[in-house]
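For reference, the chains in residue letters:
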Amino acid sequence: MKVVTKDILSVLSKVKPGLAKIGLVEQFTHFLFTGEDVITYSDKISVSHPFQSDVVCSVRAEELYKIILGISEPEFDMTLEGDKLRIKAKGTRASITISFDQQSIDLVKSFKLKKVDWSPLPD
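Read on for an overview of the structure. (Residues numbered from 1 in each chain as written. Predicted model: local features only at pLDDT ≥ 70, side-chain atom pairs only at ≥ 80, totals over all residues. Heavy atoms only, no water.)

### Observations concerning the pairing of strand β3 (residues 37-41)
Counting buried positions along β3 gives five out of five residues, so the element sits mostly inside the fold. Side chains D37, I39 and Y41 of β3 all project onto a buried face; the interleaved residues V38 and T40 project onto the opposite face, where all are buried too. Here strand β2 (residues 30-33) runs beside β3; their pairing, made up of two bridges, is antiparallel. When the bridges of β3 are listed, L32 appears paired with I39. The hairpin turn running from β2 into β3, its antiparallel successor, is three residues long, and G35 in that turn takes a positive phi close to 95 degrees. Here β3 pairs with strand β4 (residues 46-50) via five bridges, running antiparallel. (Buried < 20%, exposed > 50% of the residue type's maximum accessible area, 1.4 Å probe, protein only. Helix = DSSP H or I, 4+ residues; strand = E, 2+ residues; numbered from the N terminus. Pairing = 2+ DSSP bridges.)

Written as structure tokens, this is what we have:
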């Protein structure tokens, strides 16, 4: 699938606060692509942002972010091939081992808020 470089960097930057500094649990240091969102979570927080894609997997966050940050092209190809996430752009070819855990995807999707009513805080 074609991905707009600046769009995915924006999404990944927004969900990075949900990453754990130390990966006590492997998934705490991963971006989780659900096909509808990109999600990060740890023992304290979960952060998600909409991102429609054909990619459903979990991938090491730091590694993926550095690769995409180095792409100067406006778009690149991102595909799943077996247990690898492939990134292809002019001058860039990368392959990152992924993991897939449907239980984790289902769990973090269940955290998603359907509707939020905001109330003003008193002075």
